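# Overview (structure and organization)
Chain by chain, the residues run as shown.
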Amino acid sequence: MHFKLDGTDPQSGARAGTITTDHGVIETPIFMPVGTVGTVKGVHQRELREDINPDIILGNTYHLYLRPQTPVLEKAGGLHKFMNWDRNILTDSGGYQVYSLSANRKIKEEGVKFKSHIDGSYHVFTPENVMEIQRIIGADIIMAFDECTPYPCEYNYAKRSMKMTHRWLDRCIKHLEKTPLKYDYGQTFFPIVQGSTYKDLRKQSAEYIASVGAEGNAIGGLSVGEPADEMYEMTAVVTEVLPKDKPRYLMGVGTPVNILENIALGIDMFDCVMPTRNGRNGMLFTSEGIINIKNKKWEADLSVIDPQGITWVDTEYNKAYLRHLFTVNEMLGRQIATIHNLGFYLWLVREARKHILVGDFASWKNNMVKKLDQRL
RNA sequence: GGGGAGAUACUCAAGCGGCCAACGAGGACAGACUGUAAAUCUGUUGGUUUCACCUUCGCAGGUUCGAAUCCUGCUCUCCCCA
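Every value quoted in this text rests on a predicted model; they were computed, and no experiment measured them. All chains use their own residue numbering, which begins from 1 and follows the written sequence. For this description, chains carry letters from A and ligands carry numbers from 1, given in the order in which they are written. Local features in this predicted model are restricted to residues of pLDDT 70 or higher, and side-chain atom pairs are both shown and tallied only at a pLDDT of 80 or more, whereas totals for entire chains, interfaces and linings draw on every residue. Side-chain figures throughout are based on the complete set of non-hydrogen atoms in the structure, without hydrogens or water.

### Description of the overall build of chain A
Helix and strand counts for chain A come out as 15 helices and 17 strands. Scaling as 2.2 N^0.38, a compact globule of 376 residues should have a C-alpha radius of gyration of about 21 Å, and chain A matches this with 20 Å. Oriented by its inertia axes, the alpha-carbon framework of chain A measures out at about 60 × 50 × 40 Å. At a minimum sequence separation of 6, the contacts of chain A that also span at least 24 residues come to 69%. About 15400 Å² of surface is accessible on chain A, with carbon and sulfur atoms providing 50% of the total. His residues and chain termini do not enter the charge count, which takes Lys and Arg as positive and Asp and Glu as negative. A charge is said to be at NZ when it belongs to Lys, at CZ for Arg, at CG for Asp and at CD for Glu. Here chain A carries 44 positive and 45 negative side-chain charges, and the mean point of each set is 5 Å from the other. Numbering of helices and strands runs from the N terminus, with a helix taken as a DSSP run of H or I at least four residues long and a strand as a DSSP run of E at least two residues long. Only the C-alpha atoms count toward the radius of gyration. The rule for a globule is 2.2 Å times the residue count to the power 0.38. Throughout, a residue-residue contact means that at least one pair of heavy atoms, one from each residue, lies within 4.5 Å. In these tables, accessible area is a Shrake-Rupley quantity obtained with a 1.4 Å probe, and a residue counts as shielded only by the protein chains included in the view.

Right, dumping it as structure tokens:
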């Protein structure tokens, strides 16, 4: 993997860059659609490629390990071939499931014992086997196995957890060196900064993560319920420390406003289920503000979904029709909403990139933030 | 014509003397959702001046301290036999 800085915004910490991998070029800032189990829910690969056109998408180690299971992925020659996606893929390590499946797992120094949410069977994830599984899945960017702490998180717990995540990181790196590539392209490993919402822990963690000299770095444990201002504060502390010549990935963020604010703080990569999940649940992010398409007010509104027309669905369908599809619970409604939202998110980060390169990002951002937060 | 069953809130449907403004489901309305256990989850759904009162369980009477629940009549619906 190679990262090149193409430009920085004079008024903020925003950067535009280019990541090059064996599966192509990723222009940053980038939003990566989430495709947990080998599909960006509700979107055909063809639509993803042609209509939304992201350079990279996500998969999830825990979910893919449970189903279809690694032997199938290995037989297929990796996730790219299995799902027919020839651009970049990043896999999360399962660290987020340590948080989200908290009722079904037990954390120890050695690793995490999970109770499968599918059949109740027990599985153990360690830094070592997570690296092996990610080798088999074969994503271009693979993540360290970490503990994503909840919010709020008591200081002592956050500190202990952060230190364990650091020790796990060492084990990941050590084991990865012994685990050869499975396919004929490279894989890049990203470590993850933790430290909850404590500035000193975040700084300490960022310093540790920076010290391992990875080709890219991630920030985890945010967007887990903390107020946005706290998230920004933590991002600011961390980006101050992380190397400027490496991409920075803020995991799990966020709303369109969150993304713009974090771009301003020097983040290059984002992922979030919001455009897909909220889209399936009727929430549309548009150039004019946020719409709950299920609301009665759209019942007879024949105006197009988004006059900006970022993706073709925006102008081919009207609001009343889309609301109707949700009302009668037709899957097409969820598909349209998902394509629209992903198109919008990708448009947003591409627009941000343009403004960074032109040099007027800060003022453009402040303008956008006001519009994007509006509820229509 | 004879016999039987039934009418409950937007719909379906419980309730069979007080704990009933009335279970439950659907629908409707609204909210939530941030490295996806999520096509999921939550709330509201007779009215109002809402820790209370008023009007509701086909219609009209009656019994009772008290009725959606018991009695009488009426109206309507469905089923069976002619």
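### Points about the state of the cysteines
Any two cysteine sulfur atoms lying within 2.5 Å of each other are counted as a disulfide. All told, the structure shown has 0 disulfides when counted by the stated rule. No disulfide involves Cys-153; its sulfur sits 9.8 Å from the nearest other cysteine sulfur, which is in Cys-148.

### Re the environment of Arg-323
Mapped onto the elements, Arg-323 comes out in helix H13 (residues 319-327). Through-space distance from the C-alpha of Arg-323 to that of Ser-121 is 40 Å; in sequence the pair is 202 residues apart. Look past the residues within four positions of Arg-323 in its chain and what remains in contact with it is Ile-293, Lys-294, Asn-295, Lys-296, Trp-298 and Glu-299.

### A closer look at the sheet that holds strand E5 (residues 56-60)
Strand order in the open sheet made by the 4 strands is E5-E6-E10-E11, with parallel pairing throughout. With one partner strand each, in any of the chains shown, E5 and strand E11 (188-190) form the two edges of the open sheet. The mean angle between the axes of side-by-side strands here comes to 25°, regardless of whether they run parallel or antiparallel. One ladder, built from 5 bridges, connects E5 with strand E6 (residues 88-92); its direction is parallel. Residue pairing in the sheet places Ile-56 in a bridge with Asn-88 of E6. In this scheme, strands are said to pair when DSSP sees at least two bridges between them. The angle between two axes is taken between their N-to-C directions and runs from 0 to 180 degrees, where each axis is a line fitted to C-alpha atoms and a helix contributes only its stretch in contact.

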